[in-house]
Amino acid sequence: MNTIGATVLGYPRIGPRRELKRAVERYWSGAIDAPALHGVGADLRAATWLDLRDAGLGSIPGNTFSYYDQVLDTAVLFDAVPRRFRALDLSEVDTYFAMARGHGDAPPLELTKWFDTNYHYLVPEIEPDTSFRLVGDKPLAEYREALALGVTTRPVLLGPVTFLLLAKGRGRPGLLGGLLDCYAELLWTMAAEGVEWVQFDEPAFVGDRSAGDLAALREAYHRLGELVDRPRMLVTGYYGDLGPALDVLASTPVEAIALDLVAGRVPALHALRDKTVVAGVVDGRNIWRTDVPAAVATAATLLGTAGEVAVSTSSTLLHVPYDLDAEQSLPAPVRDRLAFARQKVREVVRIAEALRGAAGPEPAPAAVVRRDDHVRARIASLRPEHRVRAPYADRAAAQEARLGLPPLATTTIGSFPQTPAIRAARADLRAGRLDDAGYAERMRAEIGRIIALQEDIGLDVLVHGEPERNDMVQYFAEHLEGFATTEHGWVQSYGSRCVRPPVLHGDVSRPAPITVPWSTYAQSLTDRPVKGMLTGPVTILAWSFVRDDQPLAETANQVALALRDEIRDLEAAGIRIVQVDEPALRELLPLRAAEQAAYLEWAVGAFRLATAGASPATQVHTHLCYSEFGEVIDAIDGLDADVTTIEAARSKMEVLSDLDRAGFGRGVGPGVYDIHSPRVPTTEEVVSLLEEAARVVPGTRLWVNPDCGLKTRAYAEVEPALRNLVAAARQVRAAR
């Protein structure tokens, strides 16, 4: 495998039918043992390698499989295991999962978004005494597995500089040298076993980086590149332009550099005449079919200016579903325009063949877009006042008079556990074993149980629990025009958590109220306020595969108008609090600072368009989670929500300093219960977090809530955790 030819930079790993998710969760529950879990992993890896070989790729990526997260895999590979997990004295696999989920009194690693995607990674912790050493052989073990099947793979490694930039800890800056020693040892071991190519992913360098970061990149690939008897090295930088990092990499001895030519542009390649340039011309993050002639033309511009040109996806295919052929219910005009991971591999092969003259390019079908002239007329008629509410002081007074809530009001984020009975009812509805009336009756019964439980626990503001919703974005997509949904289009979000992003293919409108019947039924069961629960326009876009024929800002405004109509109907039905979740606000932030202001302007504007029609007495909440929010704190303030709930438990209230610095002056609920871990926080833990929050946020504006929705947890964890949360709020409230 002296050349790369046609390749992809990574591949989905959960299994075409989420086989890995089910196996991992069965292992966690004790239903299977470690050998059975590893057997599922081995089967999935083998199927992937053989499929990629049979599709005609010239170079096949390896070590893209993970039981939870590739960043966690790297931390374990180089022994960056914090002391609290070593002290548990667990098996290797259980220590791994403890780092991801927590164990006993040991909280898990922090979880946050992977660059500008909806994938979440576990943040490595660098302790003062951290000393990297190569302790595992996962990349090499999987290379051997593939070789035994007759497949030669290219092991994929998270690059050393990106790994350190993603990590947290005081000792991080001085550790590059020791980490490079470990990578060098790994490369020597691989070379000894015949590995020909190794891929290093350095996506941190498609964002703005300091001179020190660029110097670290230069040091890393000079040192690794100058090693004797090593495999050839491919360095990737996907999700955008490499910018100054491209010249840095060009100056090192690495043999190949991959460029994202979908999110980025074709750069000047004067310094790459002795390198292989891997042209990422097939979109690794969206599912529209590639315009093959245009992709061939783009790749052809590199001929003559690079030593060799290979063809690839723009990024790893981790972000798209497996196989379009599994979809039987998509409308034909939509389906004909799509390509999932398996189809994208074929596109790569076809483009590579066309580039070397072995086959003619086949164009993608012309787009057929649903157009709604009424929606477009509404967009054209918008004025600045459509995005402005009454001053906050006036709203706060009206809401206090209407709601009468205590200081440190308690609530949850929205969803409650989706029990087996709920999932069974949804399956029965899809299969025709249960009619709409029967399904609605079961959901109302579940809502009644959830309302009664919240009253018993003592929460101040209730939710209906969302039992009728399969997913916070897909549910709305199923009730809005302009969307299509898939049957098997699963994509990994984190760990065993998978989502099915809808396909936003045309103009968006709301034919009828979506949430009003459920919210009003829940409110009829209690005197306490029940929140109406909506997903915000930016998050609906971020967690869908969105049409690419018009600016995102225009599509966001269409979704915002549909939500504005929904809020109007919730108010008319007597709902006093409406929550519009925007957990993806930070996620879509461009990686380059020069592009961020324009994004934030339209993203904040879309949220305000959705919510500004609410009356002053209606309390508008929003929720954000699992991102670094310091960069967008002014934008969060600009949303002008009356209450903002935000993830804070895993990061130990780090967001408080950002809120304090920004002078945030409205209601805030920094999460005190990490719902992505099975741990139940004690009352004392929650009290400690609340006391820290109360030093920054006055009690009249401080809310008490979990980090996120409770959908993925079990009642055995949720109920005691919420009781501890309420007890802690009352304790702190009484002490003030």
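Just so we're clear, the structure is a prediction, and the values are computed from it rather than from any experiment. (Residues numbered from 1 in each chain as written. Predicted model: local features only at pLDDT ≥ 70, side-chain atom pairs only at ≥ 80, totals over all residues. Heavy atoms only, no water.)

Brief notes about the overall build of the protein
- Counting its secondary structure elements, the protein contains 26 helices and 21 strands.
- On C-alpha atoms alone, the protein measures out to a radius of gyration of 26 Å, which is about the 27 Å that the 2.2 N^0.38 rule sets for 736 residues.
- In terms of overall dimensions, the protein has C-alpha extents of about 75 × 60 × 50 Å along its principal axes.
- Put simply, the protein has 736 residues, and 61% of those count as buried.
- Pairs at least 24 residues apart make up 78% of the contacts formed inside the protein by residues separated by at least 6 positions.
- Here the protein has roughly 26300 Å² of accessible surface; of this, 51% comes from carbon and sulfur atoms.
- Here the protein holds 79 positive side-chain charges and 98 negative ones, and the gap between their average locations is 2 Å. (Helix = DSSP H or I, 4+ residues; strand = E, 2+ residues; numbered from the N terminus. Rg over C-alpha atoms; globule rule 2.2 N^0.38 Å. Buried < 20%, exposed > 50% of the residue type's maximum accessible area, 1.4 Å probe, protein only. Contact = heavy atoms within 4.5 Å. Areas by Shrake-Rupley, 256 points an atom, 1.4 Å probe, with all protein chains shown as cover. Lys, Arg positive; Asp, Glu negative; His and termini not counted. Charge placed at Lys NZ, Arg CZ, Asp CG, Glu CD.)

Structural notes on the UniProt feature "active site" (unreviewed entry) in the protein
- The UniProt record marks His676 with the feature "active site" (unreviewed entry), using the residue numbering of this structure.
- Here His676 is to be found in the loop between strand E20 (667–670) and helix H25 (683–694).
- A distance of 3.2 Å separates polar atoms of two side chains, one belonging to His676 and the other to Tyr494. (UniProt positions renumbered as here; feature names shortened; annotations may be inferred. Polar contact = N/O pair within 3.5 Å; in protein donor to acceptor, adjacent residues only side chain to side chain.)

Here's the deal with empty space enclosed by the protein
- Counted by the stated rule, this structure contains six cavities of 30 Å³ or more.
- Quantified by volume, the largest cavity comes out at close to 490 Å³.
- Met472, Arg497, Trp543, Cys708 and Gly709 are the residues nearest the centre of the largest cavity, which is lined by 30 residues in total.
- When contributions to the lining of the largest cavity are tallied by element, the ones reaching two or more residues are strand E12 (491–494), strand E13 (497–499) and strand E15 (531–535).
- Here the lining of the largest cavity takes three residues from E15, the largest share from any one element.
- Here the residues of the lining of the largest cavity are counted per class, giving twelve nonpolar, eleven polar and seven charged.
- By volume, the second largest cavity amounts to about 340 Å³. (1 Å grid on protein atoms, 1.4 Å probe; cavity = no way out; pocket = protein on both sides within 12 Å on 5 of 7 lines; lining within 4 Å. Points joined across faces, edges and corners; volume = space filled by probe spheres on them. Nonpolar A, V, L, I, M, F, W, Y, C, P; charged D, E, K, R; others polar.)

As for the sheet that holds strand E16 (residues 545–546)
- Strands sit in the order E11-E14-E16 across an open sheet of three strands; the sheet is mixed. Each end of this open sheet is capped by a strand with a single partner; those strands are strand E11 (481–484) and E16.
- As paired strands, strand E14 (residues 503–509) and E16 are joined by two bridges and run parallel to one another. When the sheet's bridge partners are listed, Leu504 is paired in E16 with Val546.
- Of the strands in this sheet, E14 and E16 are in contact with helix H21 (residues 552–572), which crosses E14 at around 55°. (Pairing = 2+ DSSP bridges. Axes fitted to C-alpha atoms, helices over the stretch in contact; angles between N-to-C directions.)

Quick word on the environment of Ala339
- With respect to the element layout, Ala339 can be found in the loop between helix H12 (332–335) and helix H13 (341–355).
- Judged by relative accessible area, Ala339 falls into the buried class, the value being 1%.
- Beyond its immediate chain neighbours, meaning those up to four positions away, Ala339 contacts Asn286, Ile287, Trp288, Arg289, Leu324, Lys344 and Glu347.

Some thoughts on the pairing of E15
- Extensive coverage of E15 is indicated by the burial of five of its five residues.
- Side-chain alternation along E15 places Lys531, Met533 and Thr535 on one buried face and Gly532 and Leu534 on a second face that is also buried.
- Pairing of E15 with strand E17 (residues 577–581) involves five bridges; the strand directions are parallel. Each bridged residue has a counterpart across the sheet, and for Leu534 the counterpart in E17 is Val580.

Examining the sheet that holds E15
- Strand order in the open sheet made by the five strands is E15-E17-E18-E19-E20, with parallel pairing throughout. Either end of the sheet is taken by a strand with one partner, and the two such strands are E15 and E20. The mean angle between the axes of side-by-side strands here comes to 20°, regardless of whether they run parallel or antiparallel.
- Contacting E15 and E17, H21 crosses the sheet at an angle of about 170° to E15.

What to know about unusual backbone geometry
- The phi dihedral of Arg18 falls on the positive side, at around 60°, and the residue is not glycine.
- By the element assignment, Arg18 lies in the segment before helix H1 (19–29).
- One non-glycine residue with positive phi stands out, namely Asp79, at about 65°.
- Within the secondary structure layout, Asp79 lies in the loop between helix H3 (70–77) and helix H4 (83–86).

Description of the environment of Gly280
- Mapping Gly280 onto the fold places it in strand E8 (residues 276–282).
- Judged by its relative accessible area of 0%, Gly280 is buried.
- Residue contacts for Gly280: discarding those within four places in its chain leaves Leu259, Asp260, Leu261, Val262, Ser312, Thr313 and Ser314.

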